[in-house]
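Overview (structure and organization)
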Amino acid sequence: MSSTQAPERLVPSLQSPVCWSEEDQAVLVCTAVTDVTHDVKNFVFEPEGQQIFDFEAGQFLTLMLDIDGYPVNRCYTISSPPTRPHRIAITVKRVLGGTVSNWVHDNIVPGRRINAMAPLGAFTLARQPADKYLFLSAGSGITPLMSMVRTMYDLGSHADVVFLHSARTPSDIVFRPELAAIESLMPNLRVVHLCENDYPSERWGGMRGRLSPTMLTTIVPDLSDRVTFNCGPVPYMDAVRRILGELDYDLGNYHEESFTFDDPAQPGATPPPEGVDYDEIAVAPRSTDADGTVTTYSVEFVRSGRTVTCRADEFVLDAALAAGMRVPSSCNQGMCGTCKLPTLSGAVEMNHNGGIRPREISAGKILVCCSKPLSDLTLDA
């Protein structure tokens, strides 16, 4: 592994620290970049000011980047533990053709300053306390679970954890040496790696193939007693849910997180994919009243001077995009907080995934990507 560090590290202040989670945005300074695998790097940041980081293991940062003149927001799970609050780290895999991951790998170096939104997310260890856990991950989906394991280690947790990570080859196992070291110091942690293939320089001697019901029950015979956290590519998570269903696992104890924002076809956060008109964006079937009429509401964007029509079964963001508006957005899953807007009047049905805080909801803010109108709306945007 190789690493680079800023020539002068910032010295954290220990006097009257302010938690960054109390602010919406902050400037972060990269202090170190380390190669984790051949295509994965770890990026360590400190706040430009005197804040400390306050977050829960499993949450994510939203980076606010400018790539080729386009504003681009992307979510990256925090891989460092909240028990080390003066620095924060993300671990990024370079995706072939991925707009953001390649820019991050090529441009974020020690000393680089970037803007970021404060940590968010409901996929957290603190909200699901248990005596026994099963951590399942594939590829770079290991990052939130690594934050959890590091936190447990720092706090001397006595929870029983089985950590099963899937990778293509031994060279693709993220955090392999560190997990082995933590496992040797935590008798209640068991780490199992599952590889599909050998690597030219290393023949894999451990478990081989893809996760299956038989394999899972062999590794975790007490599966039904454990709370499960799962993170990885969508096909992997779909397979895990199917396997757990076949094993009659109580999905009330199952929690998952997935980020699929670095799509090579998605060059920016605000505009649609290149060459795609707003009229071509798929929309849900129309909802109708008993008399067959379509239920619609008006959505006024006060500062933009635009008013659009939104169906009752349609997300506000989709209606705005279909009308040709440029509304900042990123995840479209109610997670990153990029599309957060204040409401001046009206009501919505909002089903978010941790991208907005209770105090913000109380203040009248909504995430337009996951909000459907219940009345005419007026938004401060």
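Reference entry: report on the structure contained in this document. In this text the structure is predicted, and so the values were computed from the model without any measurement.

So, on to the pairing of strand β7 (residues 70-77). Counted residue by residue, β7 has six buried out of eight residues, so it is predominantly covered. With eight bridges joining them, strand β6 (residues 60-67) and β7 adopt antiparallel strand pairing. Within β7, the position partnered with L61 by the bridge is Y76. Linking β6 back to β7 in an antiparallel pair, the connection comprises two residues, with D68 at a positive phi of about 55 degrees.

Looking at the element boundaries, H165 is found in strand β11 (residues 160-167). Discounting chain neighbours no more than four positions away, the residues touching H165 are S137, A138, G139, I142, I173, V174, V192, H193 and L194.

Structurally, the position occupied by D39 is in the loop between β3 (25-37) and β4 (40-47). Only 2.6 Å separates the side chain of D39 from the side chain of K93, close enough to count as a polar contact. Excluding residues within four positions of it along the chain, D39 makes contact with V92, K93, R94, H105 and D172.

Although it is not a glycine, F175 sits at a positive phi angle of roughly 65 degrees. Examined against the element boundaries, F175 turns out to sit in the loop between β11 and α3 (176-185). Given a relative accessible area of 6%, F175 falls into the buried group. At D248, a position not held by glycine, the phi torsion is positive, near 55 degrees. As for its placement among the helices and strands, D248 is situated in the loop between α5 (234-246) and β15 (254-257). A relative accessible area of 71% means that D248 is categorised as exposed.

Thresholds, definitions, all that
- Residues numbered from 1 in each chain as written.
- Predicted model: local features only at pLDDT ≥ 70, side-chain atom pairs only at ≥ 80, totals over all residues.
- Heavy atoms only, no water.
- Buried < 20%, exposed > 50% of the residue type's maximum accessible area, 1.4 Å probe, protein only.
- Helix = DSSP H or I, 4+ residues; strand = E, 2+ residues; numbered from the N terminus.
- Pairing = 2+ DSSP bridges.
- Contact = heavy atoms within 4.5 Å.
- Polar contact = N/O pair within 3.5 Å; in protein donor to acceptor, adjacent residues only side chain to side chain.

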